[in-house]
Amino acid sequence: MDYPKKLVKQILAATKDMPLEGFLSGQGSIEPKVMFVGEAPGRTEIETHIPFSGQAGKWLDEWLESINLKRSDIYITSVVRSRPFHTRKKLNKKTGEFTFSHPNRTPTKKEILIHAPLIDFEIQSIKPKILAPMGNSALHRLLGNQYKISDWHGKLFDSKIQVLNDEANGYQLSHETYKIFPLYHPAAVLYNSKLKNVIEEDWQKLSEII
Ligand code: URA
């Protein structure tokens, strides 16, 4: 989706000194069957410019296919649009030199707040029939920190969502009500393979709802 240029400029300016890399827009149908919301792009996504094109994306594609959805049927975005990274310093004992690596990390609450106008814009433009936050970062952003993905995954409910408040320092509830269907983040299965069956059942429920 093309975002208002002013909005992107404002967000890039506010994050320029933060450990964030690149910028990836949300992608897909603007009349989607489901709007999926992830956490933040990783290294692969920043290189390919395609959301969920890394390891977690392989699982996402498998589950989409299992319910006959194509990427062109859906819209995918995330609560942060740049790659959050750590800096790790490691001593190479042979050479005595330090090397640095920059692995992906979870975005901070502050980074998510700065990006809030973008996802608000996407949701207001698309007016999704079903809004599927994937994982805790997306669920907390849209519904509040009291929600836990382990309690709410695979449940369909109607709710207002959190949108940026007028002071731009926190959230307020939207006027509109949305159909929400939380899912585990696809990367969850990379850390805990036992979740695979539960996640597959949730996707089958999603298929029945669509
Ligand atoms: N995780 C996300 O939330 N989004 C991506 O595009 C990749 C991994």
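Residues numbered from 1 in each chain as written. Predicted model: local features only at pLDDT ≥ 70, side-chain atom pairs only at ≥ 80, totals over all residues. Heavy atoms only, no water.

Visitor: Teacher, can you tell me more about the site of the ligand here?
Guide: Around the ligand, the neighbouring residues are Gly-38, Glu-39, Ala-40, Pro-41, Glu-45, Pro-51, Phe-52 and His-185. In this structure, an oxygen atom belonging to the ligand sits 2.8 Å away from a main-chain N or O atom of Phe-52. Here His-185 contributes a side-chain N or O atom positioned 3.1 Å from an oxygen atom of the ligand. Coverage of the ligand by the protein amounts to 91% of the 240 Å² it exposes when considered alone. Comparing atom positions with the cavity grids shows the ligand to sit within the largest pocket. By residue class, the composition of the shell around the ligand is four nonpolar, two polar and two charged. (Near = heavy atom within 4 Å. Polar contact = N/O pair within 3.5 Å; in protein donor to acceptor, adjacent residues only side chain to side chain. Areas by Shrake-Rupley, 256 points an atom, 1.4 Å probe, with all protein chains shown as cover. 1 Å grid on protein atoms, 1.4 Å probe; cavity = no way out; pocket = protein on both sides within 12 Å on 5 of 7 lines; lining within 4 Å. Sits in = over half its atoms within 2 Å of the grid points. Nonpolar A, V, L, I, M, F, W, Y, C, P; charged D, E, K, R; others polar.)

Visitor: I'm lost on the layout of surface pockets in this one. Help?
Guide: If a probe as big as a water molecule is rolled over the atoms, it shows which places are left empty. By volume, the largest pocket is sized at about 690 Å³. Taken together, 28 residues form the lining of the largest pocket, with Ala-40, Asn-104, His-185, Ala-187 and Tyr-191 sitting closest to its centre. Of all the secondary structure elements, the ones that give two or more residues to the lining of the largest pocket are helix H2 (43-48), helix H3 (55-66), strand E4 (75-78), helix H6 (136-143) and helix H8 (188-191). When grouped by side-chain class, the residues that make up the lining of the largest pocket number eleven nonpolar, twelve polar and five charged. (Points joined across faces, edges and corners; volume = space filled by probe spheres on them. Helix = DSSP H or I, 4+ residues; strand = E, 2+ residues; numbered from the N terminus.)

Visitor: Please clarify how the packing of H3 against helix H9 (residues 196-209) should be interpreted in this entry.
Guide: Helix-helix packing: each pair is described by the crossing angle between the helix axes and the interaxial distance. Two numbers describe how H3 lies on H9: the axes approach to 9 Å, and their chain directions differ by 45°. Here H9 runs oblique to H3, going by the angle between their axes. Once H3 is placed against H9, the crossing between them reads as right-handed. On H9, the residues touching Trp-59, Leu-60, Trp-63, Leu-64 and Ser-66 of H3 are Lys-196, Ile-199, Glu-200, Trp-203 and Gln-204. Of the residues belonging to the contact of H3 with H9, the class tally is six nonpolar, two polar and two charged. (Axes fitted to C-alpha atoms, helices over the stretch in contact; angles between N-to-C directions. Parallel < 35°, antiparallel > 145°, perpendicular 65-115°, else oblique. Left-handed = near helix turned anticlockwise from the far one by under 90°. Contact = heavy atoms within 4.5 Å.)

Visitor: Before we go on, may I ask you to explain the UniProt feature "domain: Uracil-DNA glycosylase-like" (unreviewed entry) in the chain in this structure?
Guide: Sequence positions flagged by UniProt for "domain: Uracil-DNA glycosylase-like" (unreviewed entry) are, in local numbering, residues 25-204. The annotated region residues 25-204 carries 33% helix and 24% strand content, and the separation between its end C-alpha atoms amounts to 28 Å. (UniProt positions renumbered as here; feature names shortened; annotations may be inferred.)

Visitor: What exactly am I supposed to notice about the pattern of salt bridges here?
Guide: Here the idea is simple: oppositely charged side chains can pair when their charged atoms come close. Applying the stated criterion across every chain, the model contains eight salt bridges. With its nearest N and O atoms 2.7 Å apart, the salt bridge here joins Glu-111 to Arg-105. Residue Arg-105 is classed as buried on the basis of its relative accessible area, which comes to 13%. (Salt bridge = Lys/Arg side-chain N within 4 Å of Asp/Glu carboxyl O. Buried < 20%, exposed > 50% of the residue type's maximum accessible area, 1.4 Å probe, protein only.)

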